[in-house]
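Chain residues, written in single-letter form:
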Amino acid sequence: MSPNLKDKVESTDSDKIFKELVGKIKGYNPNADIKLLDKAYSTAKKYHDNQFRKSGEPFIVHPLSVGMILADIELDQTSIAAAILHDVVEDTEYNLEKVTSEFGNSIARIINGVTKLDKLVFNTREEQQVSDIRKMIIAMSEDVRIIIVKLADRLHNMRTLSHLNKERRKDIAKETLEVYAPIAHRLGIYQIKSELEDLSFQYLQKKEYQKIKEMIDEKLKERKILVDEAIVLVKKELREINVDADISGRIKSYNSIYSKITEQNRKFEDIYDVIAIRIIVDDVKNCYTALGIIHSLWKPVPGRFKDFIANPKFNMYQSLHTTVIGLKGKPLEIQIRTYEMHKVAEYGIAAHYKYKEGGPKLSEFDKRVAWIRQVLDWQKELKDPQEYMESLKLDLFEEEVFIFTPKGRVMNLPKGATPIDFAYLVHTDIGHNALGAKINGVMVPIESTLDNGDIVEIIVSKSPKGPSRDWLNIVKTSRAKNKIRQWFSKEQRQETYTTGREIMLKILRKNSLSFKTVGGNLFEEVAKEMNFDKADTLFRSIGSHKVSAHHVFTKIIKNLNQTDDKKELTIDDIRKKETEKKKGSGINVKGMEEVLVTIAKCCNPVPGDKIVGYITRGKGISVHRIDCTNVNTLMSTENERFIEVNWDSKAPNKFNAEIQIEALNRTKLLRDITNVIGEYDLNILSAHTLKMDKAGHIKLRFLIEINNKYILKDVINNIMQIDSIYDVFRILPRK
């Protein structure tokens, strides 16, 4: 087992273990409420009496050992009391109400959160794993101590895993390596993360584990001599400039060494940090002073210096890392940090609780748990277990690079990230409309890989264009992948909706019907009859061929019949009504019948406009808007040729109206406009582009057949709702 692993508790004397636990807590929190801990222990001991684990030891040893792990990372007494009690609610008759009443809301909330993580049963292992993770993320957002207790619980179970059968051991070890260790890493709890990884490695790849152990043992003595000599030399140099420091050697975890060998295709001899030196000083200034001393003693290896003090990792880890060519030409990794940084590095998010019962400082705490809230945002949108696991692994496992915006803002991205990932991190719309990128002032392909310290500028399309499907194979971050998927999902929903409406409209037109004839409410009723939440969902189902449009049409006709109280209408009846509506000119001429009437093209009046008739020579009555410029001109010279006319409401007809649309151009803009016009079953007589500038601003004109100006107003209002359109108006004659 790795040298940094804690020795498991051998004793089954629970009183002795509890006494040791109290001593450890007093060591870092002299003011701890021992009465609270004693009460928790007495309660747990009483209710776990005569319960035993697979190993044969009394069950009470397990919760006490979990408490001991939490004391190792100096967690607060509330969490440790909850750890001692965490199994009583699930395994005994002692319920949550009693916990709340006797120990308070905070302890009850942690116990309830830990208990909930183990309860549901699922159809597949993948579903179970994803659901467990979802619950963990939600639990962390409520109180992050829930997951810290759960991690300690899993660690003690891993320490005693040998008592289970081989298949069960492998299942638990795999889950630990894939889920629990990465979460501990994300929360910055190195002590727990490192041991979880090594224990999982031991059970999953026993031969490889043993081989790594033998290689370390073989080289350990030789390397330790060199490290000890280096420590003596560094201590002497720092003492001479009055810098106090704790300096020690650190052996890298077995799993970490194995990962470097396999993933980076490196030899064991080439791994610099099998044993590293850790220097801990009082303040940040002395961190850089110590770094200067190190680099004056030995030559630094190019590209191996990392400043995680100026640029902390995602889990707020801070330290200076450098690799030098040390004694006898052997590479040596050195870490330099303050005492506070060391606590954060070892204890992670737990360092913000410690024994402060009032809770952590919000500014530091919020930075640490920001990723939890981010995961909460996108996990609601991902239903597929494989996609969820893929996104989570991207967030949990990747190492980081630090990228700068042109204004100097630092942004963290996973190693291997591209400018597309950067664009989506800045803003979703910038990601959707990214055309290219500049790295350090030089234009590069948008799929280029980013390196530490790069200054990235995104070139954005002036007209909205949307992402490319190919980007899904390029991007590294879960945020970018999810935003791209959402965009295409929305596009697909819109396309199936439009297709469904078009299929339905064709069937209606074949039977001399339209959406206006049938009415929107009737479609809503039919949708509900067919167990759809609304008509839009019904149209999408028609568009994706999940529902027959003819079946929907049959229901429409049936419902139309039921709305007529006098008789049951047939298709022929409905056609007849539509034909009757189309008869007549739509204009009444005072004192005249059977007269030729035409609508003037200069002003295109529609029902509802104020109109006047002009008696032409041989072409009947020409009908104009009262405010038409031609009318004003003619009235001054030929006033006697004007005649009173009005709209015939009993004989509605089609009239021409011209509208102008101004918008920011984008793909499928024309489709969206014609879809709205099509919903009213209106005919488009002409459409043309007036103007489009370099910025993508476009002006379009449509000549459409309309029944009256009130429908026209409704059409204009609905076109205005289309994305990227900023003005729509009817073209009227100039005065």
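As the structure is a prediction and not an experimental result, all values here were calculated from the model.

Caption draft 1: The arrangement of the overall build of the protein in detail. A count of helical and extended segments in the protein gives 28 helices and 21 strands. Looking at the protein as a whole, 48% of its 735 residues qualify as buried. Across the protein, the fraction of contacts at a sequence separation of at least 24, relative to all contacts at a separation of at least 6, is 67%. Split by element, the accessible area of the protein, about 37,100 Å² in all, is 48% carbon and sulfur.

Caption draft 2: Looking closely at the nonpolar core. If you look at the biggest cluster of nonpolar residues, it comprises 61 residues, and the most contacted ones within it are Leu-21, Leu-70, Ile-80, Ile-107, Leu-151 and Ile-192. The element that contributes the greatest number of residues to this core is helix H9 (residues 145-159), accounting for 8 residues. Within the second largest apolar cluster, 34 residues are counted, among which are Ala-657, Leu-669, Ile-706 and Ile-725.

Caption draft 3: Looking closely at the sheet that holds strand E11 (residues 456-460). Taken in spatial order, the 3 strands line up as E10-E9-E11 in an open sheet, and their pairing is antiparallel. In this open sheet, the two strands that pair with only one neighbour each are strand E10 (442-444) and E11. Ignoring strand direction, the axes of neighbouring strands in this sheet form an average angle of 35°. Relative to E11, strand E9 (residues 434-439) is paired through 5 bridges, and the arrangement is antiparallel. Each bridged residue has a counterpart across the sheet, and for Gly-436 the counterpart in E11 is Ile-459.

Caption draft 4: Expanded view of the packing of helix H3 (residues 61-72) against helix H4 (residues 77-85). As a packed pair, H3 and H4 sit with axes 7 Å apart at the nearest point and diverge in direction by 160°. Here H4 runs roughly antiparallel to H3, going by the angle between their axes. At the point where H3 passes H4, the crossing takes the right-handed sense. Residue-level inspection shows Pro-63, Leu-64, Val-66, Gly-67, Leu-70 and Ala-71 of H3 in contact with H4, the latter providing Ser-79, Ile-80, Ala-83 and Ile-84.

Caption draft 5: Main features of unusual backbone geometry. Of note, Asn-531 is a non-glycine position whose phi angle comes to about 65°, a positive value. Its location among the elements puts Asn-531 in the loop between helix H22 (520-529) and helix H23 (535-543). Given a relative accessible area of 73%, Asn-531 falls into the exposed group. A positive phi angle is found at Asn-604, which is not glycine, with a value near 45°. Mapped onto the elements of the fold, Asn-604 is located in the loop between strand E13 (597-599) and strand E14 (611-615). Accessibility expressed as a relative area gives 11% for Asn-604, which makes it buried.

Caption draft 6: Highlighting the sheet that holds strand E18 (residues 655-664). If you walk across this open sheet you meet the 4 strands as E19-E20-E18-E21, and the pairing is antiparallel. Of all strands in the sheet, those bounded by a partner on one side alone are strand E19 (684-692) and strand E21 (725-730). Each strand axis lies, on average, 20° off the axis of its neighbour in the sheet, ignoring direction. Inspection of the sheet shows E19 paired to strand E20 (residues 697-706) by 7 bridges, in the antiparallel sense. Among the inter-strand pairings, Thr-689 is bridged to a residue of E20, identified as Leu-700.

Caption draft 7: Main features of the pattern of salt bridges. Enumeration over the complete set of coordinates arrives at 18 salt bridges. Note that Arg-154 is salt-bridged to Glu-175, the shortest N-O span being 3.0 Å. Of the two residues, Arg-154 sits in helix H9 while Glu-175 sits in helix H10 (residues 166-186), which places them 21 residues apart along the sequence. In this structure, the salt-bridge partner of Glu-644 is Lys-590, at a minimum N-O distance of 3.5 Å. In this pair, Glu-644 is assigned in the loop between strand E16 (642-643) and strand E17 (645-647) and Lys-590 in the loop between strand E12 (587-589) and E13, connecting sequence segments 54 residues apart.

Caption draft 8: Broad picture of a negative patch on the surface. A grouping of Asp-244, Asp-246, Asp-282 and Asp-283 is seen on the molecular surface, where their side chains present a negatively charged patch. By secondary structure assignment, the location of Asp-244 is in the loop between helix H12 (206-240) and strand E1 (246-251).

Caption draft 9: Focus on the side chain of His-432. Positionally, His-432 belongs in helix H19 (residues 428-432). A distance of 2.9 Å separates a polar atom in the side chain of His-432 from a polar atom in the side chain of Tyr-424. Look past the residues within four positions of His-432 in its chain and what remains in contact with it is Tyr-424, Lys-465, Gly-466, Pro-467, Trp-471, Lys-483 and Trp-487.

Caption draft 10: Molecular detail of H10. In this model H10 runs 29 Å from its N-terminal to its C-terminal C-alpha over 21 residues, within 8% of the 30 Å that 1.5 Å per residue would give. Along H10, the helix axis deviates most sharply at Thr-176, where the bend reaches about 45°. Those residues of H10 not exposed but buried are Ile-172, Ala-173, Glu-175, Thr-176, Val-179, Tyr-180, Ala-181, Pro-182, Ile-183, Ala-184 and Arg-186. The N-capping residue of H10, defined by a side-chain oxygen 3.2 Å from the backbone nitrogen of Glu-167, is Asn-165. Following H10 by one or two positions, Gly-188 has its phi on the positive side, about 80°.

Caption draft 11: How the structure looks around the packing of aromatic side chains. Scanning the model with the defined rule gives 8 aromatic pairs in all. A ring pair is formed by Phe-523 and Phe-539, whose centres lie 5.2 Å apart and whose planes are at 50°; its orientation type is tilted. With Phe-523 in helix H22 and Phe-539 in helix H23, this residue pair connects regions lying 16 residues apart in the sequence. Across this residue pair, the class does not change: Phe-523 and Phe-539 are buried. Put simply, the rings of Tyr-497, Phe-523 and Phe-539 touch in pairs and so form one group of aromatic residues.

Caption draft 12: Structural detail: the packing of helix H18 (residues 419-426) against helix H20 (residues 478-510). Where H18 contacts H20, the axes come no closer than 9 Å and their chain directions differ by 80°. The angle between H18 and H20 falls in the class roughly perpendicular. Contacts between H18 and H20 pair Asp-421, Tyr-424 and Leu-425 from the former with Arg-479, Ala-480, Lys-483 and Ile-484 from the latter. For the contact of H18 with H20, the class distribution of residues is 4 nonpolar, no polar and 3 charged.

Reading the values: the criteria
- Residues numbered from 1 in each chain as written.
- Predicted model: local features only at pLDDT ≥ 70, side-chain atom pairs only at ≥ 80, totals over all residues.
- Heavy atoms only, no water.
- Helix = DSSP H or I, 4+ residues; strand = E, 2+ residues; numbered from the N terminus.
- Buried < 20%, exposed > 50% of the residue type's maximum accessible area, 1.4 Å probe, protein only.
- Contact = heavy atoms within 4.5 Å.
- Areas by Shrake-Rupley, 256 points an atom, 1.4 Å probe, with all protein chains shown as cover.
- Core = buried A, V, L, I, M, F, W, Y, C linked by side-chain atoms within 4.5 Å.
- Pairing = 2+ DSSP bridges.
- Axes fitted to C-alpha atoms, helices over the stretch in contact; angles between N-to-C directions.
- Parallel < 35°, antiparallel > 145°, perpendicular 65-115°, else oblique.
- Left-handed = near helix turned anticlockwise from the far one by under 90°.
- Salt bridge = Lys/Arg side-chain N within 4 Å of Asp/Glu carboxyl O.
- Patch = residues over 30% accessible without salt bridge, like charges linked within 9 Å, V, L, I, M, F, W, Y side chains within 5 Å.
- Lys, Arg positive; Asp, Glu negative; His and termini not counted.
- Charge placed at Lys NZ, Arg CZ, Asp CG, Glu CD.
- Polar contact = N/O pair within 3.5 Å; in protein donor to acceptor, adjacent residues only side chain to side chain.
- Expected span 1.5 Å × (residues − 1).
- Bend = angle between axes of the 7 residues up to and from the residue.
- Phe/Tyr/Trp six-rings, centres within 6.5 Å; stacked < 30°, edge-to-face > 60°.
- Nonpolar A, V, L, I, M, F, W, Y, C, P; charged D, E, K, R; others polar.

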